[in-house]
Amino acid sequence: MKIKLLFLILIFGSWHLSNAQDDLLDILDKELEPTDTYTAATFKMTRIAIGHSIETRKKGILEIVTTNRFWNTPTERSQSFVADRLTSRIALEYGISDRLSTGLGGTTWDGLFDGYLKYKLLRQKEGGGSPLSITLFQNTSYNSNAFPQAPNSFSDRLSFTSQLLIGKKISSDFSVQLAPTFIHRGNLSAGGPEKNHFALGLGARFKLTPHLSLVSEYYYRANPITSFDNYAPFAIGVNWELGDIMLQFNLTNAQRIVEDAFITQTRYNFNFKNPNLNFGFNATYVIHFKRHLK
């Protein structure tokens, strides 16, 4: 009798323990519901070739960026050993949050000082959810050149560029981006009476190796400046990651660097005649203020 009673107690205890385990697993499943997995590294860098990408840097990351263009002038006598002309932009860019970045820079050749804000509005999700990433970009540039016979008010020297950067990582190796763009040029900006311009940028990245990518970028202008010959900017190049240093090499017909300038005021077509073809070299050094981001 005692053996039968003990057997019944063991059966009942096992059944009760099994139910308790099932209940515990249900609770854990609810507490550990799968979180959203966002697509990472649609573009490894904050720029594709000559324009901005959808990427923003994480909070607490500072980038020191140097952007350079080299080209030759169509004269019989060269003025230097490497290139006849050079323009450079030096900038500091900082991640305020994981989705908000800002930057300030100055360009030597055309005397432009500019600043921007960049906010990642929507992030592409893996396995459902949003199929795209969308970033808002707003740039303001100030023309510091002297204009003795023109009005010199502060507002006349300002130009504005607004972009909606729409990107998608189609595969682990291939990403694309569209960039609807609106530009308002100040009164002292080079060009004719047209002040408002619409453009559409198209960029792409193809990963060659884990640290090397082929990139290209093109901007279609809906209403280009008509007072002088100008062309759609185009670039093709290679991006190379070396730890905390990122290098970009490209060939482009755009001599200018700031968005409102190179989109509306590219004066030469893309071909191998001087000064139509420019060599671009960009270097970005990343500083991590928080060690866990490194």
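The rules behind the values
- Residues numbered from 1 in each chain as written.
- Predicted model: local features only at pLDDT ≥ 70, side-chain atom pairs only at ≥ 80, totals over all residues.
- Heavy atoms only, no water.
- Helix = DSSP H or I, 4+ residues; strand = E, 2+ residues; numbered from the N terminus.
- Buried < 20%, exposed > 50% of the residue type's maximum accessible area, 1.4 Å probe, protein only.
- Contact = heavy atoms within 4.5 Å.
- Areas by Shrake-Rupley, 256 points an atom, 1.4 Å probe, with all protein chains shown as cover.
- Phe/Tyr/Trp six-rings, centres within 6.5 Å; stacked < 30°, edge-to-face > 60°.
- Lys NZ or Arg CZ within 6 Å of the ring centre and 35° of its normal.
- 1 Å grid on protein atoms, 1.4 Å probe; cavity = no way out; pocket = protein on both sides within 12 Å on 5 of 7 lines; lining within 4 Å.
- Points joined across faces, edges and corners; volume = space filled by probe spheres on them.
- Nonpolar A, V, L, I, M, F, W, Y, C, P; charged D, E, K, R; others polar.
- Patch = residues over 30% accessible without salt bridge, like charges linked within 9 Å, V, L, I, M, F, W, Y side chains within 5 Å.
- Salt bridge = Lys/Arg side-chain N within 4 Å of Asp/Glu carboxyl O.
- pLDDT = per-residue confidence, 0-100.
- Pairing = 2+ DSSP bridges.

Section: the overall build of the protein chain
Along the backbone of the protein chain there are two helices and twelve strands. The order of helices and strands in the protein chain, counted from the N terminus, is α-β-β-β-β-β-β-β-β-β-β-β-α-β. Expressed as a percentage of its 294 residues, the buried residues of the protein chain come to 41%. In the protein chain, the share of contacts with a sequence separation of at least 24, taken over all contacts with a separation of at least 6, comes to 57%. Counting every atom, the protein chain has about 16,300 Å² of accessible surface; 64% of that belongs to carbon and sulfur.

Digging into the packing of aromatic side chains
With the rule as written, the count across this model stands at nine aromatic pairs. Judged by centre distance (5.5 Å) and plane angle (35°), the ring pair of Tyr 116 and Phe 137 falls under tilted. Here Tyr 116 is found in strand 4 (residues 112-122), whereas its partner Phe 137 is found in strand 5 (residues 133-143), with 21 residues between them in sequence. Assessed through its relative accessible area of 5%, Tyr 116 is described here as buried. Over the ring of Tyr 38 we find Arg 123; its NZ or CZ atom is 4.0 Å from the centre of that ring. One residue, Arg 267, lies across the ring of Phe 228, its end atom 3.9 Å from the ring centre.

Details of the layout of surface pockets
Taken as a whole, the largest pocket holds about 730 Å³ of empty space. Lining the largest pocket are 29 residues, with Ala 41, Glu 55, Thr 56, Arg 57 and Lys 58 sitting closest to its centre. Here the residues of the lining of the largest pocket are counted per class, giving nine nonpolar, nine polar and eleven charged. One number sums up the size of the second largest pocket: a volume of about 190 Å³. Lining of the second largest pocket is provided by 16 residues; of these, Asn 143, Ser 189, Ala 190, Arg 256 and Gln 265 occupy positions nearest its centre. At the level of elements, strand 5 and helix 2 (259-264) are the ones that each hand at least two residues to the lining of the second largest pocket. Looking at the lining of the second largest pocket, its residues break down into five nonpolar, six polar and five charged.

Focus: a nonpolar patch on the surface
Together, Phe 206, Leu 208, Leu 214, Ile 236, Leu 251, Phe 272 and Phe 279 line one region of the surface with nonpolar side chains, adding up to about 650 Å² of accessible area. Tracing the sequence through the fold places Leu 214 in strand 9 (residues 212-221). Judged by its relative accessible area of 38%, Leu 214 falls in the partly exposed class.

A few points about the confidence of the model for the protein chain
Where the model shows low pLDDT, its predicted coordinates should not be examined in detail. On average, residues of the protein chain carry a pLDDT of 85, and 82% of them reach 70 or more. The low-confidence segment residues 6-10 (pLDDT under 50) makes zero contacts with residues lying over four places distant or belonging to another chain.

With respect to the pairing of strand 8 (residues 196-209)
Looking at chain direction, strand 7 (residues 174-184) and strand 8 are connected through eleven bridges and run antiparallel. The residue of strand 8 that forms the bridge with His 184 is Asn 196. Judged from the ten bridges that link them, strand 8 and strand 9 form a sheet pairing that is antiparallel. Looking at strand 9, one finds that Ala 204 is bridged to Ser 216. Between strand 8 and strand 9, which pair antiparallel one after the other, the connecting turn spans two residues.

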